[in-house]
Amino acid sequence: MSKEYFETVAQEWDTLREGFFSQAVREKAFAKAGICPGTVAVDVGSGTGFITEGLVSEGVYVIAVDESESMIRELKKKIQSSEFGCCIAEVEALPITSGSTFYVFSNMVLHHVENPPSAIKEMARILRPGGILVITDLDEHQFEFLREEHSDRWMGFKREHVKAWFEQAGLTNVDVDCVGEDCCSTSRSHEQAQISIFVASGSR
Ligand SMILES: C[S@@+](CC[C@H](N)C(=O)[O-])C[C@H]1O[C@@H](n2cnc3c(N)ncnc32)[C@H](O)[C@@H]1O
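Residues numbered from 1 in each chain as written. Predicted model: local features only at pLDDT ≥ 70, side-chain atom pairs only at ≥ 80, totals over all residues.

(A) Here's a closer look at the nonpolar core. Ranked by size, the top nonpolar core spans 62 residues in total, and within it V104 and L133 carry the most contacts. The leading source of residues in this core is strand β5 (residues 127–138), at 6 residues. With near-sequence residues (within four places) excluded, L133 lies in contact with V104, M123, A124, L127, L171, S201 and G202. (Core = buried A, V, L, I, M, F, W, Y, C linked by C-beta atoms within 7 Å. Buried ≥ 20, exposed ≤ 12 C-beta atoms within 10 Å, placed from the backbone. Helix = DSSP H or I, 4+ residues; strand = E, 2+ residues; numbered from the N terminus. Contact = placed C-beta atoms within 7 Å.)

(B) Broad picture of the sheet that holds strand β1 (residues 40–44). Strands sit in the order β3-β2-β1-β4-β5-β7-β6 across an open sheet of 7 strands; the sheet is mixed. Each having just a single partner strand, β3 (84–88) and β6 (172–186) make up the two edges of the open sheet. Taken pair by pair, the neighbouring strands of this sheet meet at an average axis angle of 15°, ignoring direction. Examined bridge by bridge, β1 and strand β4 (residues 101–107) share 3 bridges and lie parallel to one another. Bridge assignment links V42 to a residue of β4, and that residue is V104. Sitting on the sheet, helix α6 (residues 116–125) touches β1, β4 and β5, and the angle it makes with β5 is about 145°. (Pairing = 2+ DSSP bridges. Axes fitted to C-alpha atoms, helices over the stretch in contact; angles between N-to-C directions.)

(C) Representation of helix α4 (residues 50–57) in the model. Burial runs high along α4: 6 of the 8 residues are buried. All of the buried residues in α4 are F50, I51, T52, E53, L55 and V56.

(D) Focus on unusual backbone geometry. A positive phi angle, near 50°, is found at N173, a position not held by glycine. As for its placement among the helices and strands, N173 is situated in strand β6. By C-beta crowding, N173 is classed as exposed, having 10 other C-beta atoms within 10 Å. Although it is not a glycine, H190 sits at a positive phi angle of roughly 70°. Mapped onto the secondary structure, H190 falls in the loop between β6 and β7 (192–203).

(E) Highlighting the site of the ligand. What surrounds the ligand is a group of 20 residues, the closest being F6, G45, G47, E67 and S68. Put simply, the parts of the chain that give the shell around the ligand at least two residues each are α1 (2–9) and α4. The residue makeup of the shell around the ligand, split by class, is 8 nonpolar, 7 polar and 5 charged. (Near = placed C-beta within 6 Å. Nonpolar A, V, L, I, M, F, W, Y, C, P; charged D, E, K, R; others polar.)

(F) Seen up close, the pairing of β5. The buried fraction of β5 amounts to 9 of the 12 residues, a majority that puts the element mostly inside the structure. Direction of pairing for β4 relative to β5: parallel, over a ladder of 6 bridges. Along β5, the bridge assignment pairs T101 with L127. Assessed by its sense of winding, the connection that carries the chain from β4 through α6 to β5 is right-handed. Where β5 meets β7, 7 bridges bridge the pair, whose relative direction is antiparallel. Note on β7: the bridge partner recorded for I132 is S203. (Right-handed = clockwise from strand over helix to strand, strands pointing away.)

In structure tokens form, the structure reads like this:
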């Protein structure tokens, strides 16, 4: 499933990712959160550190969490900063104290998890009062090949569902907006996917 897929592609993930979406996704996510240096953030499903690297360069201490050992190995090769820690764990059971972090980011992870509302609840749990959760992911789409070729579990999401899941997790000021960028991919049989990306944010 998804775990095996990411163990296999870890070494080439940065190249694959650059083909899927641009840095604008990260910029939009950071703008929604209003990043302050000297704070602590958790990057859930960090992969090789697309979000983590950006946060570290903004002066934020980051804990990167991913279930894939290979992804975390690649991440550690790239980031040697003392402003960074990481662990191998699942989104559904984050090894992080409740109410302890200023920000939680999760980019392109929700469509891989078994139970998206539970994952959102778990991410909201670790936010301190006033802390902000920012999730960037795919709008609902019809491209089946992403399941077969990239181990996607969900074919994107309806924004009203994501908004409701944030509210059910006890978050306020919930907003689900356009990133203004698409995720692009071409199947083995040359089918072309172009899927809009949303940015969802809410505070505790
Ligand atoms: C599409 S990649 C995105 C990686 C990174 N966020 C980025 O933007 O490049 C999805 C990541 O989520 C991780 N992942 C998927 N399901 C997970 C789960 N249930 N718990 C923890 N990590 C998970 C995968 O191992 C992979 O690194």
